[in-house]
Amino acid sequence: MPIFQNASFYTTVNHLKDLPPTRAEVAFVGRSNAGKSSAINTLTNRTRLAYVSKTPGRTQHINFFDLGSERYLVDLPGYGFAQVPEAVRAHWVQLLGRYLQTRESLVGLIQIMDIRHPLKELDWKMLHFFIETNRPVHIMLSKADKLSRQEQAKALKEVKEKLSAYPQISIQLFSSLKKSGCETVEQVVEKWFAQVDQDMDGAADDSAI
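Computed from a predicted structure; not experimentally measured. (Residues numbered from 1 in each chain as written. Predicted model: local features only at pLDDT ≥ 70, side-chain atom pairs only at ≥ 80, totals over all residues. Heavy atoms only, no water.)

What follows deals with the overall build of the protein. When helices and strands are tallied, the protein shows five helices and seven strands. Secondary structure elements of the protein, listed N to C terminal, follow the sequence β-β-α-β-β-α-β-α-β-α-β-α. Put simply, the protein has 209 residues, and 47% of those count as buried. Here the contacts in the protein between residues at least 6 apart in sequence split such that 75% fall between residues at least 24 apart. (Helix = DSSP H or I, 4+ residues; strand = E, 2+ residues; numbered from the N terminus. Buried < 20%, exposed > 50% of the residue type's maximum accessible area, 1.4 Å probe, protein only. Contact = heavy atoms within 4.5 Å.)

Here it is as structure tokens:
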């Protein structure tokens, strides 16, 4: 069964001190209008697991979804154009930044970008901020159905060229409407989780010697 299919809501937090202990988790992040919630709903085959709204910025907390086997999907606050008070925005920035930099069980980041507007300034800032942790990033170019196949291929090629200096970043096309690209991201995340299991098993063997 695909890794996201058993997802269920676990908890929501608004302060780092309330983060639950986990073995491994993968975080989803993106600009407020990039289609992050729709992508999560498509991957989990649910209609409202992650809240979708025509008003960007509805995800105001860190939301955890249990995938089973001590693995979690984490839905992070959107960044960019949310119509929220400045004090709330400042809290998001601090919460998001500290989580991404310090969360030990975070194995990788899924970054959602609208294929029609990829690699905007805030996307680059997020990438540069996270890759300092030496953990992998997988970019989903969402809303691919808005472009023709030729335009999709061109956009994918251009993004890959701009990120060619970052071997820890992988990129794919994705469409929530067409439900295309699900298997690719599932394989990426499964590989990340499997690496964690391997590392932990190896550490346990070493400690037993």
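On we go.
Here the focus is the sheet that holds strand E5 (residues 106-114). Ordered by their spatial adjacency, seven strands build an open sheet running E1-E3-E4-E2-E5-E6-E7, and the pairing between neighbours is mixed. Of all strands in the sheet, those bounded by a partner on one side alone are strand E1 (8-13) and strand E7 (169-173). When the angles between neighbouring strand axes are averaged without regard to direction, this sheet yields 25°. Summarising the sheet, E5 and strand E6 (residues 137-142) pair through six bridges and their orientation is parallel. Note on E6: the bridge partner recorded for Leu 109 is Val 137. Where helix H1 (residues 36-44) meets the sheet, it contacts strand E2 (24-30), strand E4 (71-75), E5 and E6, and its direction lies at approximately 140° from that of E2. Along the sheet, helix H4 (residues 149-162) contacts E6 and E7; its crossing angle with E7, the most-contacted strand, is approximately 170°. (Pairing = 2+ DSSP bridges. Axes fitted to C-alpha atoms, helices over the stretch in contact; angles between N-to-C directions.)

Across soluble globular proteins, nonpolar side chains have a tendency to be buried as a group. Counting 34 residues, the largest nonpolar core has Ile 62, Leu 76, Tyr 99, Leu 100, Leu 109 and Ile 139 as the members making the most contacts within it. Core analysis: the second largest hydrophobic core is formed by 26 residues, Phe 28, Leu 43, Leu 67 and Val 185 among them. (Core = buried A, V, L, I, M, F, W, Y, C linked by side-chain atoms within 4.5 Å.)

A few words now on the pairing of E5. Where burial is concerned, most of E5 is hidden: nine out of the nine residues are buried. In the sheet, E2 pairs with E5 via six bridges, with the strands oriented parallel. From the neighbouring strand, Val 29 faces E5, where its bridge partner is Gln 111. For the crossover that starts at E5, traverses helix H3 (residues 121-131) and ends in the parallel E6, the hand is right-handed. (Right-handed = clockwise from strand over helix to strand, strands pointing away.)

Assignment of secondary structure puts Met 200 in helix H5 (residues 182-208). Along the primary structure Met 200 and Arg 23 are separated by 177 residues, whereas in three dimensions their C-alpha atoms are 9.5 Å apart.

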